[in-house]
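What the coordinates show
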Amino acid sequence: MLPPKCALLGALLCLVNLDGAAAQQYTREDLYATMNLTREATTKEIKKMYQKWSRMLHPDITVWPKELAKQRLIKVTEAYEILADEDRKKDYDSSGRVDLGTDPNTEWKRSKLFDGTHDAFQFRDADTLKAAIDNKENWFILFWGKNYPECLDASAVWQKFATRMKGIVNVGTVQCDELMPSCRSFGMNTLPAIFSLKKGVKGHYRGRIEQQSLVEYAADNLLSHSNDHIIDYKPGYFGQTAPIIPALETAAPGSSLASGLQGMARPTKYTLSVPEAWELVTFEYTDCMDCRIELTLATETLQMYTRGDNIRVVRVDCEKKRNQDFCKIAPSNGKAWRVAHVTRSSFYAPGANGGAWTHIKTTPLKLSFLPTGKAQWSARDLTNFVFQHQDSAIIKLTPKSFYKTVLQERTAWAILFTTSKEGCENCGKYQADWEIMARITQGYISPKGTKLRVASIDCGEHEAFCSSLGFGGKLPALRMYRGGIEAKEQEPHKLNLMDPPSMLRECKREMEPLKLYDLDMESFDRLVNNKTGEATKPNNWFILYNAGSWCPPCNQIRQPWKDATRIVDEGPVGSKIKIGQVDCETQEALCRKHKIESYPTMQLHLQGKPKFIEYGGQRTGDAMARWVEDLIDNFVIDLTPKKLIEITSSRNQPALVSFSAGEWCPPCSLMKPMFKIIAAKIRPMNVGSINCDVHREACQQFGISGYPVMALYPNGPDNRRRHLIYKGDRGDVDVIIDWIKTHIKDTNLEIGPAE
């Protein structure tokens, strides 16, 4: 029977026993009791219970004492990480042995969930996410946090799902550690959480986080074109009488019919042949859920990117008796579905006195079947199949035309080096994506007047030429050649093979020159050290010290450095920092002056500070750019015990201090980006943060026992006795700033906007 004091909170809370009376009922290693589960609990029940604990112990809504909630969340998370892993759970059930310590490898993976190359768009600020909602775009978004164990598994599934859906559905991610207010606006209680946006309307996905379930949900709920263009076949649909052609005067201006009729003479015999096409016709002999999903995805893609106002996709259910005669033209050959491209032509004679055209005859249906060599075709196979029956928008280049046209002035070329020969597994895979890319870029001219052309070169036919450019055996390869005289002296930019819209965005960026400075001794002094003799504002600089082609790491960093330059330039701190690079082979004296001993070396020079900060993180464009953005305009002082006493004892200026802890403390991680924003908005007030894991004694001397704590110290010698603890909503910056203003209104400090 439960103790009376537990009646309100229920059995779940009672097992923890807030006053510790029942603490001896289980040991620390009794993981099932820790989570309030029996040993018969299934994986699904374990995950569900962990979600309940996460919500109940969340620092913003918990009714528990803060310190007790923090300790309980640590224990529950430790237990969950073992019981949710089948191998570790099996070992625990059989032997009782368990290591409850944090797995360093798992912790590292959580901190790097979406740092690598993948096809999911990362919403890095609240404005971008808000724009997606306001613009009524269709999105499927994963909200995650690095302190939630389930996010590790979800991220792997989500990256594969994003690749699967690229070019069809917008797939994104939001890291709630950095964008907590945005996450809260979606009303989620735990992470990971998945929401859809369809024309600005939010939908909460509550299914399993597995690729097929996600694909089916997206196909049924987010695709706007497919359901309107897939037709269920009925006998007589392909009647031999074609639609009546209207009079020439009523043909829609600009239509294919009008353009075909205009300029034609009026002889006495057949004068007009009108071709008709059904892009995809499926003959379905058994139920096939995967086939239906792939057809839906392909239809969405074709309707978005195929020329013309409409496409026609027809499903023929061959299990229905009424359709069996028609299905004889496409025997099953042991397949669940067969897919065909269907065409026919109708012939017309001119009507008298400009009247309606008279139908003469229609040819029988001509079927071209999708090869059935694969066990299961994909949406990409279907779109490739349709594009093979249409005129290509890709410009086919030869070595002669490459040198003659690619280096034209004011023209940029995106070129796919591929081969039609067997042995290149991925060459055919990206053909449909490249065809789409060619179609959506037709006629594009940049704001600076540069034209964009999309082309391909068959390295199977021109092997020697491709080898001379460095593409022998490395296919497919995608490069951007910037036109003009200066392009002859530049290396082409390496583009990533992605979904067509993403490739187009990258091409638009790379069409114009990079704002990347090549520095020598003179330009370093003039630009970086600001030794110009002019009263100009100094700049922040992020500089790469690199060596020649003999250095493999130097070669590997060249492209990521360009990527970082582009990301920083287009990001929120682009106007506050410049990116440079130094070739230490030609600028040996400059590198020796700055004591560069290894290559590559990346250093951040902050304005007004004598020392540089050396970068030692992951060498990807995104990682380097995010590191820079995090350090620019970061007005939070990294406090030591001595510095903590100094700023909290000031007679002239108040101080705001965050007492925080390490990665094991989810609320601390969530508050870190918020505290940076607050620091920028309340300048020149002293704002600092101290890590109580490292400086535990100093925090205890200030009376801090739980984390995180935000404390305001008014100016004056006795301010440590008069400090104020913030107990409101830690997710609302404006509320926190109003609280600060209220308690320092009697001082001479004036809080201004963020710079």
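One structure accompanies this document, and this report is about it. Because the structure is predicted, anything quoted here is derived from the model rather than measured.

**Comments concerning the nonpolar core**
Residues Phe 140, Phe 143 and Trp 158 are the most contacted members of the largest nonpolar core, which totals 65 residues. By residue number, the principal contributor to this core is helix H13 (residues 289-305), which donates seven residues. Excluding residues within four positions of it along the chain, Phe 143 makes contact with Leu 129, Val 174, Cys 176, Cys 183, Phe 186, Met 188, Leu 191, Pro 192, Ala 193 and Phe 195.

**Some remarks on the sheet that holds strand S22 (residues 637-638)**
Taking strand neighbours across the sheet as the criterion, the five strands line up as S22-S24-S23-S25-S26 in an open arrangement whose pairing is mixed. Looking at the sheet topology across the chains shown, the edges are occupied by S22 and strand S26 (724-725). Packing against the sheet, helix H25 (residues 666-681) makes contact with strand S23 (655-660), strand S24 (686-691) and strand S25 (709-713), and its axis sits at approximately 165° to S23. Against the sheet, helix H27 (residues 733-743) contacts S23, S25 and S26, and its axis sits at roughly 25° relative to S25.

**Description of the state of the cysteines**
Summed over all chains, the structure comprises eight disulfides. Across the disulfide, Cys 318 is cross-linked to Cys 327 (sulfur-sulfur distance 2.0 Å). With the S-S bond torsion at -90°, the cross-link from Cys 318 to Cys 327 turns out left-handed. Assigned by exposure class, Cys 318 and Cys 327 land together as buried. The side chain of Cys 584 participates in a disulfide bridge whose partner is Cys 591; the two sulfur atoms lie 2.0 Å from each other. Sign of the S-S torsion, about -85° for the bond between Cys 584 and Cys 591, identifies this disulfide as left-handed. A relative accessible area of 5% means that Cys 584 is categorised as buried. According to the relative accessible area criterion, Cys 591 is buried, its value standing at 2%.

**Quick word on unusual backbone geometry**
The step from Tyr 599 to Pro 600 runs through a cis peptide bond, and the omega angle for that step is -10°. With respect to the secondary-structure elements, Pro 600 resides in the loop between helix H22 (588-593) and strand S20 (601-605). Residue Pro 708 is reached from Tyr 707 by a cis peptide bond, and omega for that bond is -10°. As for its placement among the helices and strands, Pro 708 is situated in the loop between helix H26 (696-701) and S25. The phi dihedral of Lys 199 is positive, around 55°, even though this residue is not glycine. Note that Lys 199 resides in the loop between strand S4 (193-198) and strand S5 (201-205). Of the residues examined, Lys 199 reaches a relative accessible area of 53% and is grouped as exposed. Although it is not a glycine, Asn 333 sits at a positive phi angle of roughly 50°. Within the secondary structure, Asn 333 is located in the loop between helix H14 (324-327) and strand S9 (337-349). The class for Asn 333 is exposed, based on a relative accessible area of 56%.

**A few points about the packing of aromatic side chains**
Taken as a whole and judged by the stated rule, the model has 34 aromatic pairs. Both rings, one in Trp 550 and one in Tyr 599, keep their centres 6.5 Å apart while their planes meet at 85°; by these two values the pair is edge-to-face. With Trp 550 in the loop between strand S18 (540-546) and helix H21 (552-570) and Tyr 599 in the loop between H22 and S20, this residue pair connects regions lying 49 residues apart in the sequence. A residue is classified by how much of its surface remains accessible, and Tyr 599, at 30% relative accessible area, is partly exposed. Relative to Phe 702, the ring of Phe 659 has its centre 6.1 Å away and its plane inclined at 45°; by these criteria the two rings are tilted. In this pair, Phe 659 sits in strand S23 while Phe 702 sits in the loop between H26 and S25, placing the two residues 43 residues apart along the sequence. Across the pair, Phe 702 and Phe 659 agree in class, each one buried. Members of the aromatic cluster, connected to one another through ring pairs, are Tyr 233, Tyr 237, Phe 238, Trp 278, Phe 283, Phe 326 and Phe 369.

Criteria and cut-off values
- Residues numbered from 1 in each chain as written.
- Predicted model: local features only at pLDDT ≥ 70, side-chain atom pairs only at ≥ 80, totals over all residues.
- Heavy atoms only, no water.
- Core = buried A, V, L, I, M, F, W, Y, C linked by side-chain atoms within 4.5 Å.
- Buried < 20%, exposed > 50% of the residue type's maximum accessible area, 1.4 Å probe, protein only.
- Helix = DSSP H or I, 4+ residues; strand = E, 2+ residues; numbered from the N terminus.
- Contact = heavy atoms within 4.5 Å.
- Pairing = 2+ DSSP bridges.
- Axes fitted to C-alpha atoms, helices over the stretch in contact; angles between N-to-C directions.
- Disulfide = S-S within 2.5 Å.
- Phe/Tyr/Trp six-rings, centres within 6.5 Å; stacked < 30°, edge-to-face > 60°.

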